[in-house]
Amino acid sequence: MADRFNFDVTARDGKARTGVISTPRGDIRTPAFMPVGTAATVKAMLPESVAATGADILLGNTYHLMLRPTAERIDRLGGLHKFMNWSKPILTDSGGFQVMSLAGLRKLTEKGVTFKSHIDGSRHELTPERSMEIQRLLGSDIVMCFDECPALPASDDEVAKSMRMSMRWAERSKQAFGDRPGHALFGIMQGGVTQELRAESAEKLTGIGFDGYAVGGLAVGEGQEAMFSVLDYAPDMLPTDKPRYLMGVGKPDDIVGAVARGIDMMDCVLPSRSGRTGQVFTRHGVVNIKNARHQDDPRPLDEACTCPACSNYSRAYLHHVFRSQEMISGMLLTWHNLHYYQELMAGMRAAIAEGDFAGFQAEFHRQRAQGDIDPI
């Protein structure tokens, strides 16, 4: 463990890179996938089970935690790590994305956003300063700037206006964050799918100076081709000695493509949400365990997987408990999905270190192309 936040790149292969983010709460091996613990829990998982999959860091959600149980209550109870029994690093998003999605329930101004709670209709205000305060109360190891994330498609004028306000909010976030040794503040690049706006955002953020940089405003409806076209240049606009975080991504092929383009960190609800709905990620693609063809199948989900679902249970059993709406279904399938994602990250880290990331990509796509995949 380190006394301060630090990032070391240990190997590069093309644009892909592997390294270690050091924090007082432990090291984060990159490329890193962060399971999402929206409300201080990764749904259907115990914290020690999440750690057993290989996760070095979790993501928590400012918006949901500020409403329930409130950041002030979590602070009084010893902070988010103690509250949810997770001793490793935690990154918290700023709440901006969730608030921006509250169509009809929010009002946006230069100061920030006022909105009605989706829980009880109570009114709240979230500003860069308040977001920093909430994340400080939670005890987050990595804090995200407060920003606006417009949905795509949107006009260049709309995206530019939103991005420039987010950059002003980034300055206010940095000032409100202050000097907190051992904790990190990440800026968030915006600009939609327009290269000139992305460049303007990157220049502004690097001028302010942050401990890491996120590529925001993607995975919001633009499609993989457009996302990859942005990632072909956007990470190169950011400092090489700082972590680069792609927010809200994604499917396994999204993740592999992002790492190939220089991304170090990702998060997504997909592995846990899919586990609860019967969709399982394997080396050969997506298996829908609810499909009738699995009801008499004695095989595991994936013969090469060592997770509890694959080691101890058949497809027939997993089909049965899903169809019967038993809680163990979501637990086992979520565990498998998170295990698969962490194995994917470990495989990429090893391939980059060995200088064979191209070979890893080729094998990844070969297995998926020849696999036994269910229709979604």
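Look up: the structure comes first, before these words.
These numbers come from a predicted model, not from an experiment.

This brings us to empty space enclosed by the protein. Following the criterion strictly, the structure yields 1 cavity of 30 Å³ or more and no others. By volume, the largest cavity is sized at about 30 Å³. For the largest cavity, the full set of lining residues is Arg29, Pro31, Ala32, Phe33, Gly54, Asp56, Gln342 and Arg349. Listing elements by their share of the lining of the largest cavity, those giving two or more residues are strand E4 (32-35) and helix H14 (327-354). For the lining of the largest cavity, the class distribution of residues is 3 nonpolar, 2 polar and 3 charged.

Here we take up the pairing of strand E11 (residues 184-189). Most of E11 sits inside the fold, with 6 of its 6 residues counted as buried. On E11, burial covers both faces: Ala184, Phe186 and Ile188 on one face and Leu185, Gly187 and Met189 on the other are all buried. Pairing of strand E10 (residues 142-144) with E11, which is carried by 3 bridges, proceeds in the parallel orientation. If you follow Met144 over to E11, its bridge partner there is Phe186. Pairing between E11 and strand E12 (residues 212-215): 4 bridges, direction parallel. By the bridge assignment, Phe186 is partnered in E12 with Gly212.

All chains considered together, the criterion is met by 9 aromatic pairs. For the pair Phe5 and Phe186, a centre-to-centre distance of 6.0 Å together with 80 degrees between the ring planes defines the contact as edge-to-face. Placement of Phe5 in the segment before strand E1 (6-13) and of Phe186 in strand E11 is noted, with a sequence separation of 181 residues between them. Residues Phe5 and Phe186 agree in their burial class; the two are buried.

About the thresholds
Residues numbered from 1 in each chain as written. Predicted model: local features only at pLDDT ≥ 70, side-chain atom pairs only at ≥ 80, totals over all residues. Heavy atoms only, no water. 1 Å grid on protein atoms, 1.4 Å probe; cavity = no way out; pocket = protein on both sides within 12 Å on 5 of 7 lines; lining within 4 Å. Points joined across faces, edges and corners; volume = space filled by probe spheres on them. Helix = DSSP H or I, 4+ residues; strand = E, 2+ residues; numbered from the N terminus. Nonpolar A, V, L, I, M, F, W, Y, C, P; charged D, E, K, R; others polar. Buried < 20%, exposed > 50% of the residue type's maximum accessible area, 1.4 Å probe, protein only. Pairing = 2+ DSSP bridges. Phe/Tyr/Trp six-rings, centres within 6.5 Å; stacked < 30°, edge-to-face > 60°.

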